[in-house]
Amino acid sequence: MEEQIRILVVDDEDRIRRLLKMYLEREGYEVDEGENGVQAVEMASARDYHAIVLDIMMPEMNGLEACAAIRETQTTPIVLLTAKGEEANRVEGFETGADDYIVKPFSPREVVLRIKAILRRSATTSPISTTASSKDLVVFKHLTIDHDAHRVTADGTEVNLTPKEYELLYFLAKAPDKVFDREQLLKEVWHYDFFGDLRTVDTHVKRLREKLNRVSESAAKMIVTVWGVGYKFEVVDED
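A few points on the structure. Remember, it's a predicted structure, so these values are computed and weren't measured experimentally.

**Focus: the pairing of strand 7 (residues 143–146)**
Phase 1: Here 3 bridges tie strand 6 (residues 137–139) to strand 7, and the two strands are oriented antiparallel to one another. Directly across from Leu137, in strand 7, lies its bridge partner Asp146.
Phase 2: Hairpin connection, strand 6 to strand 7: the antiparallel pair is bridged by 3 residues.
Phase 3: Pairing between strand 7 and strand 8 (residues 151–154): 4 bridges, direction antiparallel. Note that in strand 8 the partner of Thr144 across the bridge is Thr153.

**Focus: the sheet that holds strand 1 (residues 6–10)**
Backbone hydrogen bonds hold the strands of a sheet together, and the pairing may be parallel or antiparallel.
Phase 1: Strands sit in the order 2-1-3-4-5 across an open sheet of 5 strands; the sheet is parallel. Looking at which strands have only one partner, the edges of the open sheet turn out to be strand 2 (30–34) and strand 5 (100–103). The average angle at which neighbouring strand axes cross in this sheet is 20 degrees, direction not considered.

**A short note on the packing of aromatic side chains**
Phase 1: Inspection of every chain in the model, using the stated rule, returns 3 aromatic pairs.
Phase 2: Their ring planes at 45 degrees and their centres at 4.9 Å tell us that Phe140 and Phe233 sit as a pair that is tilted. Of this pair, Phe140 sits in the loop between strand 6 and strand 7 while Phe233 sits in strand 12 (residues 230–233), and the two are 93 residues apart along the sequence.
Phase 3: For Phe233, a relative accessible area of 0% corresponds to the buried category.
Phase 4: When the ring of Phe171 is compared with that of Phe180, the centres are 4.7 Å apart and the planes differ by 55 degrees; the resulting orientation is tilted. Each member of the pair, Phe171 as well as Phe180, carries the same accessibility label: buried.
Phase 5: If you follow Arg26 out to its NZ or CZ, it ends over the ring of Tyr23, 5.0 Å from the centre.

Procedures and definitions
- Residues numbered from 1 in each chain as written.
- Predicted model: local features only at pLDDT ≥ 70, side-chain atom pairs only at ≥ 80, totals over all residues.
- Heavy atoms only, no water.
- Pairing = 2+ DSSP bridges.
- Helix = DSSP H or I, 4+ residues; strand = E, 2+ residues; numbered from the N terminus.
- Axes fitted to C-alpha atoms, helices over the stretch in contact; angles between N-to-C directions.
- Phe/Tyr/Trp six-rings, centres within 6.5 Å; stacked < 30°, edge-to-face > 60°.
- Buried < 20%, exposed > 50% of the residue type's maximum accessible area, 1.4 Å probe, protein only.
- Lys NZ or Arg CZ within 6 Å of the ring centre and 35° of its normal.

Structural measurements only, silent on function.
Right under this line is the structure:
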């Protein structure tokens, strides 16, 4: 029997929670609700969710703080909702580990579509039995990407990435030494019509490098900045 998809929606406005819950349940999703950031962290720790929707402006603990706290232990896809649409706020949201950012007022249908897009790309991020035969492997000396399991290991140590960080790494690694500018990466990695700025790419590259560097400096160095252009995946120390 297929597992039902569970979504956590956290917003201090009851009207918004009920509206999103109604639209998401129409898609067959199971929806839990929270009213503030503290509840978001507690609920995310107590139960596994396929995606989390967080409002930023909430009492007790705001959405950015909650997102950062959740990211300390989990890679669950997170969508931030906020009335703030300025560039600095969008970048701050991504720096805390969010996968998407939607500005109020929004169409509930748009939120559903964004969540569907995230779920499609992270459908296999849950642990898969290591006894399963992997057919889609990207292997380098210091880095291995098991795309069947959405698992990344650097020098033998598993690296926990958010769905967006994983997609970015996998996209670059599939085309070693090919340079991609930021516009191309926004289009190819974010897929849908994403109203982001180019700093979104820079933020995710920075976080990706930091996570790789914690276990393998050599793996982190494979993500190379091509100044004035963009980024590429460079194979190092293969001899």
